[in-house]
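A closer look at the structure
Chain residues, written in single-letter form:
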Amino acid sequence: MLKLLLADDSSTEREMMSSALKSAGFDVTEAEDGDAALDAIKKERFDCIILDIIMPGKNGYQVCRQVKKDESMKDIPVVIVTSKGQESDKFWGKKQGADEYLVKPFEMDEMVKTVKDLLNC
């Protein structure tokens, strides 16, 4: 079973996304902020990381940068999920190393498909 890390400070959105991903057959670890996401990354190896941008502590951009700068993790796909939908936000997300950028609100099926496509499953 492929392991995903999902970091979002909104418990409601995190629960909705986690439920959709679990229903699609993924093992999901949840984090409520960027610091908790980095702690989880230090303890476990994930196949894909899903990050909100605006979170307490480290934001999604900072977490993404740290993942992509680490030789042992740079190939892990990172998906940004955020309400920040300006072209400049998308550009900045990609510049930080994000593999995909989804703007909230989005259909849960779209997110699951994006993750499956990145993981070739």
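Details of the structure are given in the entry above.
Residues numbered from 1 in each chain as written. Predicted model: local features only at pLDDT ≥ 70, side-chain atom pairs only at ≥ 80, totals over all residues. Heavy atoms only, no water.

Notes on the nonpolar core
The cut-off we apply is this: Here, nonpolar core means buried Ala, Val, Leu, Ile, Met, Phe, Trp, Tyr and Cys residues that are tied together by side-chain atoms lying within 4.5 Å of each other. Per-residue accessibility, obtained with a 1.4 Å probe over protein chains only, is compared with the maximum for each type, and a residue is labelled buried under 20%, exposed over 50%, and partly exposed between these values. Strands are runs of DSSP state E lasting at least 2 residues, helices are runs of H or I lasting at least 4, and numbering of each runs from the N terminus. The criterion used for residue contact is that any of the two residues' heavy atoms lie within 4.5 Å.
In this structure, Leu5, Ile41, Ile49, Leu51, Val63 and Val67 are the most contacted members of the largest nonpolar core, which totals 23 residues. Looking at this core, the elements with two or more residues in it are strand S1 (3-7), helix H2 (34-43), strand S3 (48-51), helix H3 (60-69) and strand S4 (78-82). Sorting elements by how many residues they give to this core places H2 first, with five residues. Every residue in contact with isoleucine 49, bar those within four places of it in the chain, is listed here: Leu5, Ile41, Val67, Ile76, Pro77, Val78 and Val79. Ranked by size, the runner-up nonpolar core spans 17 residues in total, among them Cys48, Leu102, Val112 and Val115.

A few points about the packing of helix H1 (residues 11-23) against helix H5 (residues 108-119)
Short version of the rule: For helices, the fitted axis covers only the stretch in contact; all axes are lines through C-alpha atoms, and the angles between them, taken along N-to-C directions, range from 0 to 180 degrees. In this scheme, roughly parallel covers angles under 35 degrees and roughly antiparallel covers those over 145, while 65 to 115 is roughly perpendicular and the rest are oblique. In this scheme, a crossing is called left-handed if the near helix is turned counterclockwise away from the far one by less than a right angle; it is called right-handed if the turn is clockwise. Gly is put with the polar residues, along with every residue not named as nonpolar or charged; the nonpolar set is Ala, Val, Leu, Ile, Met, Phe, Trp, Tyr, Cys and Pro, and the charged set is Asp, Glu, Lys and Arg.
Viewed as axis vectors pointing N to C, H1 and H5 meet at an angle of 55 degrees, and their least axial separation amounts to 10 Å. Compared by their axis directions, H1 and H5 come out oblique. The two elements H1 and H5 cross, and the hand of that crossing is right-handed. In this structure, H1 contributes Met16, Met17, Ala20 and Leu21 to the contact, and H5 contributes Met108, Met111, Val112 and Val115. A breakdown of the residues in the contact of H1 with H5 according to their chemical character gives eight nonpolar, no polar and no charged.

Brief notes about the packing of H2 against H3
In contact at an axis separation of 9 Å, H2 and H3 are set at 20 degrees when each is read in the N-to-C sense. Between H2 and H3, the interaxial angle falls into the category roughly parallel. Crossing handedness for the pair H2 and H3: right-handed. Packed against H2, whose contacting residues are Gly34, Ala37, Leu38 and Ile41, the element H3 presents Val63, Gln66 and Val67 at the interface. Residue composition of the contact of H2 with H3, by class: five nonpolar, two polar and no charged.

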